[in-house]
2 protein chains.
Amino acid sequence: MNEYDCLKLESQLCFPLYASSRIIIKKYKPLLDKLDLTYTQYIAMMVLWEVKEINVKELGKKLYLDSGTLTPLLKTMENKGYISRVRSTSDERNLNICLTSKGEKLKEEAKKIPLEMGKCINLTPKESLELYKLLYKILDEEI
Amino acid sequence: MNEYDCLKLESQLCFPLYASSRIIIKKYKPLLDKLDLTYTQYIAMMVLWEVKEINVKELGKKLYLDSGTLTPLLKTMENKGYISRVRSTSDERNLNICLTSKGEKLKEEAKKIPLEMGKCINLTPKESLELYKLLYKILDEEI
DNA sequence: TACAATTTAATTGTATTCAATTTACTTTAA
DNA sequence: TTAAAGTAAATTGAATACAATTAAATTGTA
């Protein structure tokens, strides 16, 4: 043990978080390719499948992403025909994102993805739940 | 409960992994700015502080990154003077990355970062260890 | 009312990520 | 021994991330 041990990669908590996040997202790729979605587009669609309509600010709050990421992402998704982007009439600073019928239809195909993905993660249901709780303990700090 | 509940953002394990990874990396920024390092550059330096010299292939294996990411990253770090990039003489396909004395000196300043970062994560030591073990259970699957 | 402060998206610029391909070098096998 | 197969890094192109700034709209207040 020496004063530099804390700087070893294996002593970090952030590194396995960062690495496992990227690895799991990579495993989604073949499944999401069928829907013509990237992972970030997929989680944006998840929000829309649930709420049907939301503005960029609120979407960003849910996904922890800002307009610098979302603006080009949403324009791409609009070009694919999955969403529409419409200025709010009551407050034109807000941009409302709505699911199109094509985007709504995608939900049916997406339904099987979570189960398929679950098979890719080598954790028991109990471990997954434990991990879930710990991650949300980190996230819940960020208001 | 309906058949689409599995598609809710809150039902996902990957999403909090992805979000908390990005949030924690963002918290490193003010600390790493002082060292003129990004997070990815920082974890590459961690490996080098430990092993002094490594080739791109081996570094990629440790960080779960490929040459498409590492090549530009390492060129930037070379320009900053923290590392040198030298072709192996025994096998010229390999590129060896070495720590420079400037890069070595940085270790002294970096030493305090892990403790500072620990304060930013709202987990008890026991929870942190539990999270660490679960994440490595995911990573250890990836050979 | 005017106008300063605030808020929301968009834009700009830098730095990843990663799949797919290419280039250069090394090893293998006919 | 030399052509084919394999390997390592670099390159290319698309899509994020994110800090910092800008533009447009709204709100608060003197």
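1. Things to note about the protein's contact with DNA strand D
Consideration 1: Looking at DNA strand D, there are 29 residues lining it, with Y18, R22, K57, T71 and R85 of chain B nearest.
Consideration 2: In the interface set of DNA strand D, defined as its atoms within 4 Å of the protein, sugar plus phosphate atoms amount to 76%.
Consideration 3: A distance of 3.3 Å separates a phosphate oxygen of DNA strand D from a polar atom in the backbone of E92 of chain A.
Consideration 4: A distance of 3.1 Å is found between a phosphate oxygen of DNA strand D and a backbone nitrogen or oxygen belonging to L95 of chain B.
Consideration 5: Counting residues per element, the ones that place at least two in the surface near DNA strand D are α2 (39-51) and α4 (67-79) of chain A together with α1 (14-33), α3 (56-63), α4 (67-79) and β2 (83-87) of chain B.
Consideration 6: Class assignment for the residues of the surface near DNA strand D results in six nonpolar, 11 polar and 12 charged.

2. Digging into the interface of chain B and chain A
Consideration 1: On the chain A side, the residues contacting the 56 residues of chain B number 56 residues.
Consideration 2: Of the roughly 5,900 Å² buried between chain B and chain A on both sides combined, carbon and sulfur atoms contribute 70%.
Consideration 3: On inspection of chain B and its partner chain A, the count reaches four salt bridges.
Consideration 4: The salt bridge partner of E3 of chain A is K111 of chain B, with a shortest N-O separation of 2.7 Å.
Consideration 5: For the interface between chain B and chain A, the tally reads 16 residue pairs in polar contact (both at pLDDT 80 or more).
Consideration 6: At the level of elements, α1, α2 (39-51), α3, α5 (101-110) and α7 (125-139) of chain B are the ones that each hand at least two residues to the side of chain B that touches chain A.
Consideration 7: Ranked by residues supplied to the side of chain B that touches chain A, first place goes to α1 of chain B with 14 residues.
Consideration 8: Classifying every residue of the side of chain B that touches chain A gives 35 nonpolar, six polar and 15 charged.

Reading the values: the criteria
- Residues numbered from 1 in each chain as written.
- Chains lettered and ligands numbered in written order.
- Predicted model: local features only at pLDDT ≥ 70, side-chain atom pairs only at ≥ 80, totals over all residues.
- Heavy atoms only, no water.
- Near = heavy atom within 4 Å.
- Polar contact = N/O pair within 3.5 Å; in protein donor to acceptor, adjacent residues only side chain to side chain.
- Helix = DSSP H or I, 4+ residues; strand = E, 2+ residues; numbered from the N terminus.
- Nonpolar A, V, L, I, M, F, W, Y, C, P; charged D, E, K, R; others polar.
- Contact = heavy atoms within 4.5 Å.
- Buried area = accessible area lost by both parts, 1.4 Å probe.
- Salt bridge = Lys/Arg side-chain N within 4 Å of Asp/Glu carboxyl O.

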